[in-house]
Amino acid sequence: MTRHHRALLAVPTAAVVVLLSACGSGDGAPVADGDDVSPSSPATAGQTTALPGGEAGSGQQADLEFEDQSGDGSTVVVDTVSAPEGGFVVLTADGADDVVLGWADVQVGTSSDVEVSLDQPLGADTDLVATLWADSDRDGSFDPEADEVVPAPIDGGDAGDDVSELSDPVQDDARYTLG
């Protein structure tokens, strides 16, 4: 037994590789003291979340759900945002993608009822578009010149998808009615 033990000690430390993987919903996953981390959902089997620049994401499936709503025109609620990395949900009027009405930051994972304060209250019923953007410059503030739109997930089972043509953004539209 001692001879076997010596043989194990003779193995160079650099040759030992430990691979860890996690599966499941994240319940019971270790969290460092003081961290306020919510578990994120894994990507759907056969789909890949590609980040701007073609890099792989966190495993979180990028998605956004935005439903019709009404209110006083000063805030808008995006129902669900699933982000593979920290970033922003950005609101524009349908057909005016270059005019940002407001934005809110989102963390990695799935966030519900993301409230976006508008820079100027809406003055009429408006069709809105919510788009997921990555905080590419990692400064915590939305900048359309530095940050990038998150491309829609690619279904690995669809032979027609081409990873090099990531042009469809993660976005959804909704009708906002005053009142």
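Preceding this paragraph is the structure being described.
Residues numbered from 1 in each chain as written. Predicted model: local features only at pLDDT ≥ 70, side-chain atom pairs only at ≥ 80, totals over all residues. Heavy atoms only, no water.

Topic: the overall build of the chain
1) Next: Looking only at helices and strands, the chain features 1 helix and 11 strands.
2) Next: Listing the helices and strands of the chain from first to last along the sequence gives α-β-β-β-β-β-β-β-β-β-β-β.
3) Next: Put simply, 59% of the contacts in the chain that link residues at least 6 apart link residues at least 24 apart.
4) Next: Surface accessibility of the chain: about 11200 Å² in total, with carbon and sulfur atoms responsible for 49%. (Helix = DSSP H or I, 4+ residues; strand = E, 2+ residues; numbered from the N terminus. Contact = heavy atoms within 4.5 Å. Areas by Shrake-Rupley, 256 points an atom, 1.4 Å probe, with all protein chains shown as cover.)

Describing the environment of D127
1) Next: With respect to the helices and strands, D127 occurs in strand β8 (residues 126-134).
2) Next: Given a relative accessible area of 35%, D127 falls into the partly exposed group.
3) Next: As for D127 and T177, which are separated by 50 residues in sequence, their C-alpha atoms are 8.7 Å apart.
4) Next: Among all residues touching D127, those that are not within four sequence positions of it are T92, A93, D94, A174 and R175.
5) Next: A distance of 3.2 Å separates the side chain of D127 from the side chain of R175, its partner in a polar contact. (Buried < 20%, exposed > 50% of the residue type's maximum accessible area, 1.4 Å probe, protein only. Polar contact = N/O pair within 3.5 Å; in protein donor to acceptor, adjacent residues only side chain to side chain.)

Structural notes on the side chain of T131
1) Next: Secondary-structure assignment places T131 in strand β8.
2) Next: You can call T131 buried: its relative accessible area is 8%.
3) Next: One polar contact links T131 to Q171, side chain to side chain, over a distance of 2.9 Å.
4) Next: Discounting residues that sit within four places of it in the chain, T131 has contacts with L64, F88, V89, V90, V149, P169, V170 and Q171.

Considering the pairing of strand β5 (residues 87-93)
1) Next: The buried fraction of β5 amounts to 7 of the 7 residues, a majority that puts the element mostly inside the structure.
2) Next: In this structure, β5 lies alongside strand β6 (residues 96-106), joined through 7 bridges in antiparallel fashion. Directly across from V90, in β6, lies its bridge partner W103.
3) Next: Taking the residues between adjacent antiparallel strands as the criterion, β5 and β6 are bridged by 2 residues, where G95 takes a positive phi near 90°.
4) Next: With 7 bridges connecting them, β5 and β8 associate as antiparallel partners. (Pairing = 2+ DSSP bridges.)

What to know about the sheet that holds strand β7 (residues 109-117)
Note on sheets: strands pair through backbone hydrogen bonds, and any given pair is parallel or antiparallel.
1) Next: Taken together, 3 strands build an open sheet; the order of strands is β2-β4-β7 and the sheet is antiparallel. Edge strands, defined here as strands with exactly one partner in the open sheet, are β2 (63-65) and β7. In this sheet, adjacent strand axes meet at a mean angle of 25° when their direction is disregarded.
2) Next: Pairing geometry for β2 and strand β4 (residues 75-83), over 3 bridges, is antiparallel. When the sheet's bridge partners are listed, E65 is paired in β4 with T80. (Axes fitted to C-alpha atoms, helices over the stretch in contact; angles between N-to-C directions.)

A word on unusual backbone geometry
1) Next: One non-glycine residue, D113, lies in the positive phi region at around 50°.
2) Next: The residue D113 is located in strand β7 in this model.
3) Next: One non-glycine residue, R138, lies in positive phi territory at about 50°.
4) Next: With respect to the element layout, R138 can be found in the loop between β8 and β9 (148-149).

What to know about the layout of surface pockets
1) Next: Considered as a void within the structure, the second largest pocket measures approximately 170 Å³ in volume.
2) Next: Lining of the second largest pocket is provided by 13 residues; of these, T92, D97, T131, W133 and V149 occupy positions nearest its centre.
3) Next: Tallied by class, the residues present in the lining of the second largest pocket amount to 8 nonpolar, 3 polar and 2 charged. (1 Å grid on protein atoms, 1.4 Å probe; cavity = no way out; pocket = protein on both sides within 12 Å on 5 of 7 lines; lining within 4 Å. Points joined across faces, edges and corners; volume = space filled by probe spheres on them. Nonpolar A, V, L, I, M, F, W, Y, C, P; charged D, E, K, R; others polar.)

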